[in-house]
Amino acid sequence: MEPILELKKINYAYHNMEGETKALSDISFSVDKGEFIAIVGPSGCGKSTLLSIISGLIEPECGLIRLNGKYIRESTTNIGYMLQHDHLFEWRSVYHNVILGLEIQHILNARTKQKAHELLETYGLGRFANAKPSELSGGMRQRAALVRTLVLEPDILLLDEPFSALDYQTRLTVGDDIGQILRKEHKTAILVTHDLSEAISLADRILVLSKRPATIQKVVPVIFDLPDDTPLQRRNAPEFKSYFNLIWKELNENA
């Protein structure tokens, strides 16, 4: 089966008046449909830059990207991008925040409106549809941001540390919620995170990046033998510590 996303020999550098700073070097990997990939690495190594390249916001200096077999500029593959902050607008209700992308893309119609209401109900926000974002908890705001992304029916979801602004307890709960939502929706996802526990609890594979300029130092397949494979259940499984120690060792050896 052809991968939904394929990167080959991606290189990128930042340029300013003082010279060049290499960010990414020879990055190659692929992602299958429905797969959840986590990317970890030292601070400033280029993880978010890599997501920006995949989304098409910036172009690599060399290398190629294919989405569903087509070069990124020719592809019609729909990419959703969920950032660190929810960026909900206070002057719009939760429902009107959720449909903002539909309005921008001129695809707000009876079907997509119904989809928005169904997603809000499914993920516990139905009775808050007319509320303002300030009336929601941090975790509920992140769920609303996810619904805003999912209603656009993306083929690939890019997650740039989407839980980092939450307190630890909320982060665990929302991470579990969103992990289960994405599996239920059979979404392909790529998560950038500094939190190794979060990566292990959510991902099917983890890409460990080196310090800048980032290369792929190691690829770790994540497999748990659990009857109910959820993020919170993974954290209590005996394999969890082994994965954590393996990835921690890789990061510290590189540092």
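Residues numbered from 1 in each chain as written. Predicted model: local features only at pLDDT ≥ 70, side-chain atom pairs only at ≥ 80, totals over all residues. Heavy atoms only, no water.

Colleague: Can you walk me through the overall build of the protein in this structure?
Modeller: Looking only at helices and strands, the protein has nine helices and ten strands in total. C-alpha atoms of the protein, sized along the principal axes, occupy 50 × 45 × 40 Å. Within the protein, the proportion of its 255 residues that are buried is 50%. Counting only contacts in the protein whose residues sit at least 6 apart along the sequence, the fraction spanning at least 24 positions is 71%. Put simply, the protein shows about 12,600 Å² of open surface, and 50% of that area lies on carbon and sulfur atoms. Taking the average location of the 29 positive side-chain charges in the protein and that of its 33 negative ones, the two points are 1 Å from each other. (Helix = DSSP H or I, 4+ residues; strand = E, 2+ residues; numbered from the N terminus. Buried < 20%, exposed > 50% of the residue type's maximum accessible area, 1.4 Å probe, protein only. Contact = heavy atoms within 4.5 Å. Areas by Shrake-Rupley, 256 points an atom, 1.4 Å probe, with all protein chains shown as cover. Lys, Arg positive; Asp, Glu negative; His and termini not counted. Charge placed at Lys NZ, Arg CZ, Asp CG, Glu CD.)

Colleague: Help me out: how do you make sense of the sheet that holds strand β1 (residues 5–16) in this one?
Modeller: Two orientations exist for strands paired in a sheet by backbone hydrogen bonds: parallel and antiparallel. In spatial order, the strands read β2-β1-β4-β5; together these four strands make up an open sheet with antiparallel pairing. Edge positions in the open sheet fall to β2 (19–31) and β5 (70–71), since each of these has one partner strand only. The strands touched by helix α1 (residues 47–55) are β1, β2 and β4 (62–67); relative to β1, the strand with the most contacts, the crossing angle is about 120°. (Pairing = 2+ DSSP bridges. Axes fitted to C-alpha atoms, helices over the stretch in contact; angles between N-to-C directions.)

Colleague: Got a minute to help me understand the packing of helix α5 (residues 138–150) against helix α6 (residues 168–184) in this structure?
Modeller: The axes of two packed helices give the description: the angle between them and the distance between them. One way to put it is that α5 packs onto α6 with a least axis distance of 10 Å and a crossing angle of 20°. By the angle between their axes, α5 is roughly parallel relative to α6. Crossing geometry of α5 relative to α6 is assigned as right-handed. In this structure, α5 uses G139, Q142, R143, L146 and L150 to contact α6, whose residues at the interface are T170, V174, D177, I178, I181 and L182. Considered class by class, the residues forming the contact of α5 with α6 number six nonpolar, three polar and two charged. (Parallel < 35°, antiparallel > 145°, perpendicular 65-115°, else oblique. Left-handed = near helix turned anticlockwise from the far one by under 90°. Nonpolar A, V, L, I, M, F, W, Y, C, P; charged D, E, K, R; others polar.)

Colleague: Just checking my understanding: could you explain the pattern of salt bridges for this structure?
Modeller: Side-chain pairs of opposite charge can arise where the charged atoms are in close proximity. For the coordinates displayed, the defined rule picks out 13 salt bridges. Linking K8 and E6 is a salt bridge whose minimum nitrogen-to-oxygen distance equals 3.6 Å. A salt bridge links R171 to E198, with the shortest nitrogen-to-oxygen separation between them at 2.9 Å. One end of the pair, R171, is in helix α6; the other, E198, is in helix α7 (residues 196–202), with 27 residues separating them in the sequence. On the basis of relative accessibility, which here comes to 3%, the residue E198 falls in the buried class. It is possible to trace a salt-bridge network through shared partners that takes in E6, K8 and R66. (Salt bridge = Lys/Arg side-chain N within 4 Å of Asp/Glu carboxyl O.)

Colleague: When you look at the pairing of strand β10 (residues 216–221) in this model, what are you seeing that I'm missing?
Modeller: Along a regular strand, successive side chains alternate from one face of the sheet to the other. In terms of strand pairing, strand β9 (residues 205–209) meets β10 through five bridges, oriented antiparallel. The partner of I206 across the bridge, within β10, is V220. Between β9 and β10, which pair antiparallel one after the other, the connecting turn spans six residues.

Colleague: I keep staring at the packing of aromatic side chains and nothing clicks. Help me out?
Modeller: Aromatic rings in a pair are described by how distant their centres are and how their planes are angled relative to each other. The tally for this structure, following the rule as stated, stands at four aromatic pairs. Ring geometry for Y12 and Y14: centres 5.1 Å apart, planes at 85°, overall edge-to-face. (Phe/Tyr/Trp six-rings, centres within 6.5 Å; stacked < 30°, edge-to-face > 60°.)

Colleague: What is the right way to look at the sheet that holds β10 in this model?
Modeller: Strand order in this open sheet of six strands is β6-β7-β8-β3-β9-β10, and the pairing throughout is mixed. The sheet is open, and its two edges are formed by β6 (79–82) and β10, each paired on a single side. Adjacent strand axes in the sheet meet at a mean angle of 15°, parallel and antiparallel pairs treated alike.

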